[in-house]
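What follows is each chain in one-letter form.
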Amino acid sequence: MIDRRLFTNFDWVFFGLVLLLVGVGIMNIYSASASYRVTGLPFHLKQLSWLAAGLVLMVVVCSIDYHIFEDLSYWFYGAVLFMLILVMLVGRTSMGATRWLDLGFMNIQPSEPMKIVIVMTLARYFSRFPVQDGLGLRDMVYPLLMVTIPALLIMKQPDLGTAVLVLLVSGSVMLFVGIRWRVIVTGLLALVPVVYLGWHHYLRDYQKNRILNFLNPERDPLGSGYHLIQSTIAVGSGGVLGKGYLKGTQTQLRFLPEQHTDFAFSVFAEEWGLVGSLVLLIIYLFLVLWGLQIAGRCNDRFGRLLAVGVTAMLCWHIVINIGMVIGLFPVVGVPLPFLSYGGTSLITSMTGVAILLNVSMRRFMF
Amino acid sequence: MIQQRYVRDNKDQGRRILYASLIAGGFFFLLLTRLWYLQVVDSERLVELSEINRLRFVPVAASRGAILDRNGKILVGNTPSFSVAVVPQEVKDKDALLASLAGYLGQNLAELGQRWEKGKGRAKYYPIVIASGISRDQLEFLQENQLRLPGIDIEMKPIRQYPNGTLAAHLLGYLGEISEQELDQEQFSEYNSGDYVGKSGLERSWERFLHGVDGGRQIEVDARGRYLRTLNETRPTVGNSMVLTIDIDLQKAAEKAFGDRAGAAVVMDVNTGEVLAFASNPGFDPALFTGRLDPEIWKSYLEDKRHPLENKALKGQYPPGSTFKIITALAGLEHGLIDDKTTVVCRGFYEVGRDKFNCWEKKGHGVVDLKRALRESCDVYFYQLGERLGVDRIAEMSRKFGLGEVAGIGLDNEKPGLIPTTAWKEKKYGKKWYRGETLPVSIGQGYTLLTPIQLASMTAAVATDGVMYRPHLVKRIVDPDGKVLKEFTPEQVKRLDIKPASYRLIKEGLLAVVNEPRGTGAAARLYEVKVAGKTGTSQVVKLRDGKREVAYQYRDHALFVAFAPFDKPEVAVSVVIEHGEHGGAAAAPVAGAILRAYFEKKGVIRKPVTRDPEGEYEESPELEQEEGRQQ
């Protein structure tokens, strides 16, 4: 039934690295939440149970030949888009944002699968699309529509981080397919009025504040600039060797409200210093390069674009999250793959990894 | 085929992968330089900053919304409660501190020690609550001596206050610390352990409207963790307040009418569905639950045979007894099996096959027509009618009145009661329905169970000739700024398709129950207002003879349903007295007292200028106003 070669071609190194990262993540969550008052299951154990769920999902995703996704990708896209519209109509609101669909037994956040589904959809679209010397403007009408509709829906929730991610990931796939220089320049020029209009009519005040505070953290040191200052202090005070596991003063005194989720890296950098951060960054970079290698070794266009897109998704998460924590990017709610606490993030990242493994182990299929 | 589908294109892909890798590498390099800058170049300054970082976040609890009666009188409010906490990192000599605290507060040292141990696992600056609910005197004393007790912290938080004591305790419900199971639920995702949530009644069912949003203060402290100044403050948001349909005076009258007997009463405005009183007796003191509940009191509540913690008006399901004859009679009239001239001879019993079914009047009622059957509650008349109808046609009429299903009054765990049918028995017991089983059902015995809400709602529907409103308890929800968030206007659920003539016959019978000689409900009679009603006495267990003194829990339940005024109905009442033995003797006077209070408040009945049993002499101010206007 299942081809023996699939098993021998399984990328154990890649898989092992991911497990290592999740392990580091759980250890880090333990420290980040050590000062929390928690009843019920502690965060690190909850994360462990999410890991178990993620592994099951990985097995399922890996056992389906990814070529089947090619046939199904538009259906997936339609279904997730439909769910996003449902969210807008009947979604569950929590803390000012409407992102969830209440299924009775659980809540789902359709913007998460959209990150992966948009990659599949674009890969499917471009896999049958003859490209001579880069995509022209006319070639990009449909793919741009496919991308902007969900992105706008997600931004409206509002969830700026996820919307930006969907755009970045899609942009990366298209860039990989190849875009004419003329189009790139025109696009960048067109961005100016879009940014202007977006700033004045679309972004919510708190989103504007985040961006303004990023440009000048001292603007509101206790409001939304607070995160940035505190996480910079946490990372910087870690120094070269770090303060030691469970000994980060910034962490244990809880200066950052989101330190087990979006700011997990600040906890890690404070306690493990530059040495730890460097090792972590290298593992992440290795993961990304390995993902691109999988794409390079893949023989069909769909698989290659799929692998590139999923790798781009992981890469952008990593770069934006760490960049945010160390003050390179504004604070947007983007989790760090494998390190941040949270079922949705872990499941999305592990599904991404499963797709990469899937492409990788079927590279000799024909 | 496959070749065509999965397009191969190898040329130039290697280069693209290389470019992508370089771009990714570039970003990582950017991250790395920034990390280098923070953790090496700028590290010294940031280490220093982290050491003088003396910001703390102190949560400030929000008040819950108040619950008011229909006229804005407070049923539940808030009052500040003070507790003493200890901040571990500032304590030098823990044992001495706890010992002196135990002395000041008059509390057990071992208990304080236990609470210290329990809270110790957290961050060292995090205050551990050692004693809550301390008195004003203790508070002042501690504040004066705070310098001699380094490390203590006095916290204020709002707690529930019940100005009317036990009044409407079941309806309002009590609060308790959030449980672990609750913390795992989605609806409590923004709660922390130690938070208080509604555990029963309205407090529980309307939690999301009542509870506010906690605020917090960003404070700066000195090197020893002492408060220096507040840097930033998010004010807590008070919860929304709720205006009920309940009338506090009527609620009081209803609870008072029960005395120390157990039971429930529901009073409903027949033209809106608004519930004016929702009583369950005996009550409990919800204030006892806000702190730590005294185990002795808890035990006494649990051991009381009258079950004071149970909301009987909401969750009590009782065999309706003869009050159910209204339904049986309506079914008979609608199916044309009886009219006002149909008579039956009651010899005190009725036989079906070998089974003998007794009428409560052993001597028999003689020749009985519908009006007399209702007035004197003749069982034989309804046995015969029920036998001709069959259980399913009785159930069909019951369903019309919403019996056997939840009314949706606005509280969790409302019970549906039970209306038996042949199909129900088949499904539940896998057995056929026996003809003989229909007879008890037709007089509200057997499997049939109704709730006080259903009894009131059924009576109201008869009063309005079939215009049914959804019984509801909440009139509106008002946010802290006084803006109305939700308004619950009367909702007409349905209009029953029953002939007006049928209602007329039933209502005449009910009027006779209260107002004619030999009527079983004479005790509910008011001279100023025409009351119509029906008694019910329902068996808890079958007893061979009624002579012996029966143990409390085996005595019959007493029921009474009524509406008034007869000509232009306004209000419907249901009363159940658990183990009260006779509907006419036990429940009817309670219903009468409630209706009297209703019409007294309206000024229809002059409040009697007689001696109160307690010796007090009182006249209501409303009445004086009413008279003033008349002059």
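The model shown is predicted, which means the values in this text are computed figures rather than measured ones. (Residues numbered from 1 in each chain as written. Chains lettered and ligands numbered in written order. Predicted model: local features only at pLDDT ≥ 70, side-chain atom pairs only at ≥ 80, totals over all residues. Heavy atoms only, no water.)

### So, the overall build of chain B
Then comes step 1: Counting its regular elements, chain B contains 23 helices and 23 strands.
Then comes step 2: Taking the intrachain contacts of chain B between residues at least 6 apart in sequence as the baseline, contacts between residues at least 24 apart amount to 70%. (Helix = DSSP H or I, 4+ residues; strand = E, 2+ residues; numbered from the N terminus. Contact = heavy atoms within 4.5 Å.)

### Observations regarding the nonpolar core
Then comes step 1: In terms of nonpolar packing, the biggest core is built from 110 residues, with M114, F126, F265, Y284, I326 and F338 of chain A touching the most fellow members.
Then comes step 2: At 17 residues, the largest contribution of residues to this core is made by helix 13 (residues 301–325) of chain A.
Then comes step 3: Ignoring any residue separated from it by four or fewer positions in sequence, one finds F338 of chain A in contact with V18, L21, V22, G25, Q47, Y284, L287, L346, S349, M350 and V353 of chain A.
Then comes step 4: Membership of the second largest hydrophobic core comes to 92 residues, among which are W206, I326, F401 and V441 of chain B. (Core = buried A, V, L, I, M, F, W, Y, C linked by side-chain atoms within 4.5 Å. Buried < 20%, exposed > 50% of the residue type's maximum accessible area, 1.4 Å probe, protein only.)

### So, the packing of helix 20 (residues 452–463) of chain B against helix 21 (residues 500–515) of chain B
Residues and elements named next belong to chain B.
Then comes step 1: Packing of helix 20 against helix 21 brings their axes to within 10 Å, and their N-to-C directions diverge by 115 degrees. Contacts between helix 20 and helix 21 involve A461, V462 and A463 from the first element and Y503, I506, K507 and L510 from the second.
Then comes step 2: Its residues assigned to classes, the contact of helix 20 with helix 21 shows six nonpolar, no polar and one charged. (Axes fitted to C-alpha atoms, helices over the stretch in contact; angles between N-to-C directions. Nonpolar A, V, L, I, M, F, W, Y, C, P; charged D, E, K, R; others polar.)

### Section: the packing of helix 5 (residues 111–127) of chain A against helix 13 of chain A
Residues and elements named next belong to chain A.
Then comes step 1: Relative orientation of the contacting elements helix 5 and helix 13 amounts to 150 degrees, with a least axis distance of 8 Å. What the angle tells us is that helix 5 and helix 13 run roughly antiparallel. For the element pair helix 5 and helix 13, the recorded crossing hand is right-handed. Residues K115, I116, V119, M120, A123, R124, F126 and S127 of helix 5 lie in contact with helix 13, whose contacting residues are R301, F302, L305, L306, G309, V310, M313 and H317.
Then comes step 2: Of the residues in the contact of helix 5 with helix 13, the class split is 10 nonpolar, three polar and three charged. (Parallel < 35°, antiparallel > 145°, perpendicular 65-115°, else oblique. Left-handed = near helix turned anticlockwise from the far one by under 90°.)

### Comments concerning the sheet that holds strand 21 (residues 532–538) of chain B
All names here are of chain B.
Then comes step 1: Spatially, five strands are ordered 12-11-23-22-21 in an open sheet, and the strand pairing comes out antiparallel. What marks the edges here is a single partner per strand, and that holds for strand 12 (275–281) and strand 21. Each adjacent strand pair in this sheet contributes to an overall mean axis angle of 5 degrees, direction not counted.
Then comes step 2: Pairing of strand 21 with strand 22 (residues 557–564), which is carried by seven bridges, proceeds in the antiparallel orientation. By the bridge assignment, G536 is partnered in strand 22 with L559. (Pairing = 2+ DSSP bridges.)

### Overview of the pairing of strand 19 (residues 484–487) of chain B
Both faces of the sheet carry side chains from a regular strand, because those side chains alternate between them.
All names here are of chain B.
Then comes step 1: Two strands pair when backbone bridges link them, and strand 18 (residues 474–478) and strand 19 are joined in this way by three bridges, in the antiparallel orientation. Within strand 19, the residue paired with I477 across the bridge is K486.
Then comes step 2: Hairpin connection from strand 18 to strand 19: five residues lie between these consecutive antiparallel strands, with G482 at a positive phi of about 90 degrees.

### Looking at the side chain of E414 of chain B
Residues and elements named next belong to chain B.
Then comes step 1: By the secondary structure assignment, E414 is in the loop between helix 17 (391–400) and helix 18 (422–429).
Then comes step 2: Despite its burial, E414 pairs with no opposite charge, the nearest such side chain being R470 at 7.6 Å.
Then comes step 3: A polar side-chain atom of E414 sits 2.9 Å from the main-chain amide nitrogen of I409. (Lys, Arg positive; Asp, Glu negative; His and termini not counted. Salt bridge = Lys/Arg side-chain N within 4 Å of Asp/Glu carboxyl O. Polar contact = N/O pair within 3.5 Å; in protein donor to acceptor, adjacent residues only side chain to side chain.)

### Some remarks on helix 12 (residues 264–297) of chain A
Then comes step 1: When the terminal C-alpha atoms of helix 12 of chain A are compared, their 33 Å separation across 34 residues is substantially less than the 50 Å that a helix rising 1.5 Å per residue should span.
Then comes step 2: The axis of helix 12 of chain A is deflected most strongly, by about 125 degrees, at G273 of chain A. (Expected span 1.5 Å × (residues − 1). Bend = angle between axes of the 7 residues up to and from the residue.)

### Considering the environment of D153 of chain B
Residue and element names in this part refer to chain B.
Then comes step 1: Secondary-structure assignment places D153 in strand 5 (residues 152–161).
Then comes step 2: Linking D153 and S83, residues 70 residues apart in sequence, is a C-alpha distance of 8.4 Å.
Then comes step 3: In this view, D153 contacts S83, V84, A85, V87, P127 and Q146; residues no more than four positions away in its chain are not counted.

### Some remarks on the pattern of salt bridges
All names here are of chain B.
Then comes step 1: Counting across every chain of the model gives 34 salt bridges over all chains.
Then comes step 2: Put simply, E491 and R470 hold a salt bridge, and the shortest N to O gap is 2.9 Å. Of the two residues, E491 is situated in the loop between strand 19 and strand 20 (492–495) and R470 in the loop between strand 17 (467–469) and strand 18; the sequence distance between them amounts to 21 residues.
Then comes step 3: R470 gets classed as partly exposed once you look at its relative accessible area, which sits at 27%.

### Let's talk about the confidence of the model for chain B
Residue and element names in this part refer to chain B.
Then comes step 1: Model confidence for chain B is summarised by a mean pLDDT of 85, while 89% of its residues fall at 70 or above.
Then comes step 2: For residues 1–8, every residue scores under 50 in pLDDT, and the model assigns this stretch 15 contacts once sequence neighbours within four places are set aside.
Then comes step 3: Counting interchain partners and residues more than four positions distant, the pLDDT-below-50 stretch residues 615–631 has 16 contacts.
Then comes step 4: Predicted complex metrics record ipTM = 0.91 and pTM = 0.61. (pLDDT = per-residue confidence, 0-100.)

### Quick notes on unusual backbone geometry
Residue and element names in this part refer to chain B.
Then comes step 1: Here the residue pair N281 and P282 is connected by a cis peptide bond, since its omega of -10 degrees sits within 30 degrees of zero.
Then comes step 2: For the bond from A564 to P565, the omega torsion is -15 degrees, close enough to zero to count as cis.
Then comes step 3: Mapped onto the secondary structure, P565 falls in the loop between strand 22 and strand 23 (571–577).
Then comes step 4: If you check the backbone angles, R518 has positive phi at about 70 degrees while not being a glycine.
Then comes step 5: Note on placement: R518 falls in the loop between helix 21 and strand 21.

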